Amino acid sequence: MPSAVRDSSELSAPCCSVEEFALRLRALMEVEKLRVWKSMPAVKQNHLFKVSARHWMMSGSIAEGKIIDDVVTAVTGKK
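Remember, it's a predicted structure, so these values are computed and weren't measured experimentally. (Residues numbered from 1 in each chain as written. Predicted model: local features only at pLDDT ≥ 70, side-chain atom pairs only at ≥ 80, totals over all residues. Heavy atoms only, no water.)

### Structural notes on the overall build of the protein chain
Helix and strand counts for the protein chain stand at 6 helices and 0 strands. Listed by position from the N terminus, the elements making up the protein chain come as α-α-α-α-α-α. Burial analysis of the protein chain (79 residues in total) assigns 20% to the buried set. Look at the contacts in the protein chain between residues 6 or more apart in sequence, and 49% of them connect residues 24 or more apart. In the structure as shown, the protein chain presents an accessible area of about 6,000 Å², 63% of it carried by carbon and sulfur atoms. (Helix = DSSP H or I, 4+ residues; strand = E, 2+ residues; numbered from the N terminus. Buried < 20%, exposed > 50% of the residue type's maximum accessible area, 1.4 Å probe, protein only. Contact = heavy atoms within 4.5 Å. Areas by Shrake-Rupley, 256 points an atom, 1.4 Å probe, with all protein chains shown as cover.)

### Some points on the pattern of salt bridges
For the coordinates displayed, the defined rule picks out 3 salt bridges. A salt bridge links Arg-24 to Glu-20; the shortest N-O distance between them is 3.3 Å. One end of the pair, Arg-24, and the other, Glu-20, are both in helix H2 (residues 18–33), 4 residues apart, so they sit about a helical turn from each other. Residue class for Glu-20 comes out partly exposed when judged on its relative accessible area of 33%. (Salt bridge = Lys/Arg side-chain N within 4 Å of Asp/Glu carboxyl O.)

### A closer look at unusual backbone geometry
One non-glycine residue, Asn-46, lies in the positive phi region at around 60°. Judged by its relative accessible area of 36%, Asn-46 is partly exposed.

### Section: the confidence of the model for the protein chain
Across the protein chain, the average pLDDT comes to 80, with 80% of residues at or above 70. Ranking the elements of the protein chain by mean pLDDT puts helix H1 (residues 8–11) last with 49 and helix H3 (residues 35–38) first with 95. (pLDDT = per-residue confidence, 0-100.)

### Comments concerning the environment of Phe-49
Along the chain, the position of Phe-49 falls in the loop between helix H4 (41–44) and helix H5 (53–56). The spacing of Phe-49 and Val-71 is 22 residues in sequence and 8.7 Å in space, taken between C-alpha atoms.

### Examining the environment of Val-71
Looking at the element boundaries, Val-71 is found in helix H6 (residues 61–76). The partly exposed category is assigned to Val-71, whose relative accessible area is 40%.

### A short note on a nonpolar patch on the surface
Residues Trp-56, Met-57, Val-71 and Val-75 make up a contiguous nonpolar surface patch of roughly 440 Å² in combined accessible area. By the secondary structure assignment, Met-57 is in the loop between H5 and H6. (Patch = residues over 30% accessible without salt bridge, like charges linked within 9 Å, V, L, I, M, F, W, Y side chains within 5 Å.)

### Some remarks on H6
Taking 1.5 Å of rise per residue, 16 residues should cover 22 Å, and H6 covers 22 Å from first to last C-alpha, within 8% of that figure. A positive phi of about 80° marks Gly-77, the residue just after H6. (Expected span 1.5 Å × (residues − 1).)

Structure representation (structure tokens):
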């Protein structure tokens, strides 16, 4: 699966501890094991990209610029 996430700092919120990150990552891995996840057409066709939720849940010009960067990286494979 293509991934725009390169390291743990991109998945965690600024206040997120190493332990919290590990819990979030394990939860994500459990979702990816579910039959319903694997049955989704986008998953089957490898048409999804993992990105940091941190700036996707925010608004403003800086967050929007980072969202654009995520999309470009996911689509082109280049940062």
